[in-house]
Amino acid sequence: MVVKKIAILFSGNGTNLQNLIEKLHNKVFDDTKIEVALTISNKKDVYGIKRSQKFGIEPIVIENKAFNSREEFDKELVGVIKKQNIDLVVLAGFMRILSSVFTQNVKAINIHPSLLPLFKGANAIEESFNSDEKFGGATVHYVSEELDGGEIIIQKSFEKTLDMNIDEFEKHIHKIEYDIFPKAVIAVLTK
Ligand code: GAR
């Protein structure tokens with residue numbers, strides 16, 4: 001059996017972080033055991049920290065505001081990740097634009113709350129809800145230098161109905177995220 005270590009990076013509520021830990025941590029898939037070896041938040045006092053602690057995984061807090069540049073922050077992140085021999089970095093609501101210092105040094109995947117390439121950026125849920133698109137959804141993709149632009153791993157959609165309000169729309173998106181994100185991690189680590 002091989003053990004693959006992942007690091008989960010987050011910035012906020014951490015529902016995807018919790019879902020990933022519940023479904024993947026110390027579980028075996030096709031002879032591959034996945035270990036959530038590291039969780040990192042770029043913000044202190046966010047609820048995701050408590051969620052991680054509940055599973056006995058103490059997050060490392062690296063506040064981006066303590067660094068003078070994007071590159072310096074990314075260098076610190078990469079250093080911490082490399083020290084732990086991480087096989088895959090998983091961005092779960094990590095609300096940072098990453099420089100090449102990060103993207104060229106670690107293999108990472110990201111979840112995004114839209115059907116990429118539609119609605120890149122930080123306001124994807126609101127923008128896709130307010131658009132004329134008939135479907136909403138979520139995408140897991142490799143992290144590249146282009147924001148929300150790396151190769152797509154899994155994408156799933158749902159139909160947007162006229163009676164749906166934005167809260168219901170958002171709930172649908174999260175439900176899809178909790179389904180496809182663990183599957184994408186397993187797919188990447190067992191291929
Ligand atoms: C998720 O919906 C994720 O897709 C989104 O942030 C949310 C985090 O929620 N990420 C992005 O918008 C990245 N551009 P969570 O903290 O409860 O997992």
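Refer to the structure above for everything that follows.
Attention here is on the structure that accompanies the text. Worth saying up front: this structure is predicted, and the values here are computed from it rather than measured. (Residues numbered from 1 in each chain as written. Predicted model: local features only at pLDDT ≥ 70, side-chain atom pairs only at ≥ 80, totals over all residues. Heavy atoms only, no water.)

**Notes on the site of the ligand**
Line of reasoning, step 1. Neighbouring the ligand are the residues Asn13, Gly14, Thr15, Asn16, Gly93, Met95, Ile111, His112, Pro113, Gly121, His174 and Glu177.
Line of reasoning, step 2. Contacts to the ligand include Thr15, whose side-chain N or O atom sits 2.5 Å from an oxygen atom.
Line of reasoning, step 3. Glu177 places a side-chain nitrogen or oxygen 2.4 Å from an oxygen atom of the ligand.
Line of reasoning, step 4. When the ligand is considered free in solution it has 450 Å² of accessible area, and contact with the protein chains removes 88% of it.
Line of reasoning, step 5. Mapped onto the shell around the ligand, the elements with two or more residues apiece are α1 (15-24), β6 (108-112) and α6 (166-190). (Near = heavy atom within 4 Å. Polar contact = N/O pair within 3.5 Å; in protein donor to acceptor, adjacent residues only side chain to side chain. Areas by Shrake-Rupley, 256 points an atom, 1.4 Å probe, with all protein chains shown as cover. Helix = DSSP H or I, 4+ residues; strand = E, 2+ residues; numbered from the N terminus.)

**A few points about the pattern of salt bridges**
Line of reasoning, step 1. Taken as a whole and judged by the stated rule, the model has 4 salt bridges.
Line of reasoning, step 2. A salt bridge links Lys65 to Glu63; the nearest nitrogen and oxygen atoms lie 3.8 Å apart.
Line of reasoning, step 3. With a relative accessible area of 66%, Lys65 lands in the exposed category.
Line of reasoning, step 4. Residue Glu63 is classed as partly exposed on the basis of its relative accessible area, which comes to 22%.
Line of reasoning, step 5. A salt bridge links Lys120 to Glu146; the shortest N-O distance between them is 2.8 Å. (Salt bridge = Lys/Arg side-chain N within 4 Å of Asp/Glu carboxyl O. Buried < 20%, exposed > 50% of the residue type's maximum accessible area, 1.4 Å probe, protein only.)

Scope: geometric values only; no functional claims are made or implied.
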